[in-house]
Amino acid sequence: MEIVAKILIAIVALEHIYILWMEMFAWETKGKEVFKAALPAEMFKPTKGLAANQGLYNGFLAAGLIWSFLIKDPQWQTNVALFFLGCVAVAGIYGAISATKKIFFVQALPAILAIIAVLLK
């Protein structure tokens, strides 16, 4: 189960690196495609700065998950991974409520599955 947990943590981290890229550097192109149901097309340009800030926070989530791989103490590694996965899950649930339901399945569910795997290892 430990390998499954690490794979799921890595997937969540990679997803948040992708979100960082999209929100910080491709908001008016890829971001427009991804969030077309949640935001009118004319709002992408004026919200570019807000999206970039949001992308930076997603990068911090990814950094925390990657950091968990570098921690040697097993208890601290678990605690750090659970903290950042919990942050991702909460952000995904809030995004599903406030933006689009799809965010739950794309962001929150992988984090929740990773949390379960970490707790079962």
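Named according to an unreviewed UniProt entry, the protein chain is DUF1304 domain-containing protein originating from Chryseobacterium culicis.

Digging into empty space enclosed by the protein
Applying the stated rule across the entire model yields 1 cavity of 30 Å³ or more. Of the volumes computed, that of the largest cavity is approximately 40 Å³. Forming the boundary of the largest cavity are Lys6, Ile9, Ser68, Phe69, Gln77, Thr78, Ala81 and Lys121. Those elements that provide at least two residues to the lining of the largest cavity are helix H1 (2–25), helix H3 (48–70) and helix H4 (74–98). With 3 residues, the single largest contributor to the lining of the largest cavity is H4. When the residues that make up the lining of the largest cavity are grouped by side-chain class, the tally is 3 nonpolar, 3 polar and 2 charged.

Focus on the packing of aromatic side chains
Summed over the entire model, instances satisfying the criterion amount to 6 aromatic pairs. Ring plane angle 90 degrees and centroid distance 5.3 Å describe the contact between Phe104 and Phe105, whose orientation is recorded as edge-to-face. By relative accessible area, which is 57% here, Phe105 ends up exposed.

Quick notes on the UniProt feature "transmembrane region" (unreviewed entry) in the protein chain
With numbering aligned to this structure, UniProt lists the feature "transmembrane region" (unreviewed entry) at residues 7–27, 55–71, 78–97 and 103–120. Helix and strand shares over residues 78–97 are 100% and 0% respectively, and the end C-alpha atoms of the span are 28 Å apart.

Things to note about the layout of surface pockets
Roughly 750 Å³ of volume is contained in the largest pocket. At the level of elements, H1, helix H2 (27–34), H3, H4 and helix H5 (102–120) are the ones that each hand at least two residues to the lining of the largest pocket. Grouping the amino acids of the lining of the largest pocket by side-chain chemistry returns 21 nonpolar, 7 polar and 3 charged.

Some points on the nonpolar core
By size, the foremost hydrophobic cluster in this structure holds 19 residues, and its most contacted members are Ile9, Leu65, Leu85 and Val88. Listed by contribution, the elements that provide at least two residues to this core are H1, H3, H4 and H5. Of the residues forming this core, the biggest block, 6 residues, is contributed by H4. Those residues in contact with Val88 that sit more than four places away from it in its chain are Val12, His16, Leu61, Leu65, Gln107 and Ala111. Core analysis: the second largest hydrophobic core is formed by 6 residues, Met22, Trp27, Phe35 and Ala51 among them.

Description of the pattern of salt bridges
If you walk through the whole model with that rule in mind, you get 2 salt bridges. For the salt bridge of Glu28 with Lys48, the shortest nitrogen-to-oxygen distance reads 3.5 Å. Within this pair, whereas Glu28 is found in helix H2, its partner Lys48 is found in helix H3, the two being separated by 20 residues in sequence. For Lys48, a relative accessible area of 42% corresponds to the partly exposed category. Lys30 is the partner of Glu33 in a salt bridge, and the nearest nitrogen-oxygen pair spans 3.3 Å. You can see Glu33 and its partner Lys30 sitting in helix H2, 3 residues apart, about one turn around the helix.

Cut-off values and rules
Residues numbered from 1 in each chain as written. Predicted model: local features only at pLDDT ≥ 70, side-chain atom pairs only at ≥ 80, totals over all residues. Heavy atoms only, no water. 1 Å grid on protein atoms, 1.4 Å probe; cavity = no way out; pocket = protein on both sides within 12 Å on 5 of 7 lines; lining within 4 Å. Points joined across faces, edges and corners; volume = space filled by probe spheres on them. Helix = DSSP H or I, 4+ residues; strand = E, 2+ residues; numbered from the N terminus. Nonpolar A, V, L, I, M, F, W, Y, C, P; charged D, E, K, R; others polar. Phe/Tyr/Trp six-rings, centres within 6.5 Å; stacked < 30°, edge-to-face > 60°. Buried < 20%, exposed > 50% of the residue type's maximum accessible area, 1.4 Å probe, protein only. UniProt positions renumbered as here; feature names shortened; annotations may be inferred. Core = buried A, V, L, I, M, F, W, Y, C linked by side-chain atoms within 4.5 Å. Contact = heavy atoms within 4.5 Å. Salt bridge = Lys/Arg side-chain N within 4 Å of Asp/Glu carboxyl O.

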